[in-house]
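Geometric and topological summary
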Amino acid sequence: MSNDSLSSTEQPRTVNDYLDCLQVIMVNTTLPANIGSAARAMHTMGLSRLTVVDPKLPIDETSVSHAAGGSELLSSAVIAPTLESAIADCQLVFAASSRSRHMPRPVVTPTQAAKIMFDFIDTQSALSANDNNVDTSSDAVSSKPNIAILFGREDRGLTNEELAYADYHIQIDANPAYPVLNVASAVQVIASFIFAYAQTHTQTANSLDENNDSQSTINVNLRQQWDEPAINQQQLQQLTQRTTDLMVQRGLANSEHLKSLPSRLSRLGSRLQLDQKEYQLLSALIAKLSKD
């Protein structure tokens with residue numbers, strides 16, 4: 001059994017065990033230097049997985065010079081053609097946003113986001129370690145939780161469509177007159193909160209006394225009792241598309257005027273926090289209704 005699938009009851013978790021489950025995704029960057037600065041910020045805070053979606057300019061010498069000690073992250077960075085492909089195997093998605101947009105998701109602080117991330121990693125890792133009978137024949141299921149944090153363009157951030165992929169939006173407390181951070185600065189701030197939370201959480205997870213020391217007061221529905229692994233983002237979007245197609249087929253929606261229907265269905269799926277078995281049940285139901 002690999003270390004990735006060990007629960008905290010079998011082996012003490014390190015900070016890196018948690019941070020390795022997180023990836024930073026930068027969308028449609030303009031300046032290669034900002035990619036390097038973000039890589040440096042990540043390296044400083046122990047994050048090592050960087051994905052860049054459709055950058056306007058490739059990683060270059062200016063990226064390397066701004067990365068300093070984090071240049072290795074640039075060598076291992078994944079260049080993805082689309083955001084959909086970048087988050088396809090992610091089970092939980094966060095997006096950095098300075099303001100609420102159309103069809104908003106739950107808004108959390110960086111500390112609250114870290115708690116949600118680490119609680120999710122704990123429950124999913126324990127499930128993978130204790131359940132050897134997960135059916136992976138139809139959809140690939142990773143034993144290691146995969147969580148994405150999205151960061152947008154330098155000039156305008158993430159679009160409404162891109163923000164709709166996130167389960168939660170992260171907002172950094174800042175001057176209300178100008179709450180906009182440079183993308184690399186936003187990476188640094190959020191990563192620093194995550195790293196700080198990791199110290200306390202790891203000590204708690206490895207102690208014999210596992211009292212819940214949560215400091216979060218946000219009213220969110222975080223599913224704790226899992227008996228199957230959570231679905232990933234690709235499966236959620238597939239379910240959204242199949243449901244949309246079924247509603248069009250049944251005359252419940254007009255294909256020419258879908259408006260916010262896909263976003264609402266996607267948000268509903270995020271709120272339900274479906275697992276693999278529930279996904280299979282709903283997929284079978286949709287398939288049956290589509291044929292009748």
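What counts and what doesn't
Residues numbered from 1 in each chain as written. Predicted model: local features only at pLDDT ≥ 70, side-chain atom pairs only at ≥ 80, totals over all residues. Heavy atoms only, no water. pLDDT = per-residue confidence, 0-100. Contact = heavy atoms within 4.5 Å. Helix = DSSP H or I, 4+ residues; strand = E, 2+ residues; numbered from the N terminus. Expected span 1.5 Å × (residues − 1). Buried < 20%, exposed > 50% of the residue type's maximum accessible area, 1.4 Å probe, protein only. Pairing = 2+ DSSP bridges. Core = buried A, V, L, I, M, F, W, Y, C linked by side-chain atoms within 4.5 Å.

1. Re the confidence of the model for the protein
Counting all residues, the mean pLDDT for the protein is 86, and 82% of those residues have values of 70 or more. Contacts of residues 1-12 to residues separated by more than four positions or lying in other chains number 22 contacts, the stretch itself having pLDDT below 50. Predicted confidence is poor over residues 208-218, with pLDDT under 50, and the contacts of this stretch with residues over four places away or in other chains come to 14 contacts.

2. Observations concerning helix α10 (residues 261-272)
For α10, with 12 residues, the first-to-last C-alpha span of 16 Å sits near the 16 Å given by 1.5 Å per residue. Those residues of α10 not exposed but buried are L261, L265, S266, G269 and S270. In this fold, the buried residues of α10 make contact with α9 (233-249). Looking one or two residues past α10, Q273 carries a phi angle of roughly 55°, positive in sign.

3. Here we look at the sheet that holds strand β1 (residues 22-27)
Strand order in this open sheet of seven strands is β3-β2-β1-β6-β4-β7-β5, and the pairing throughout is parallel. On the outer flanks of this sheet lie β3 (78-80) and β5 (107-108), each paired with one strand and no other. With five bridges connecting them, β1 and strand β6 (residues 147-151) associate as parallel partners. When the bridges of β6 are listed, L22 appears paired with I147.

4. Observations regarding the nonpolar core
L22, L50, F94, M117, F118, F151 and I194 are the most contacted members of the largest nonpolar core, which totals 48 residues. It is helix α8 (residues 183-206) that provides the largest number of residues to this core, a total of nine residues. Excluding residues that lie within four positions of it along the chain, I194 makes contacts with L19, L22, A114, M117, F118 and I149. A80, A86, L158 and Y165 belong to the second largest nonpolar core, which has 16 residues in total.

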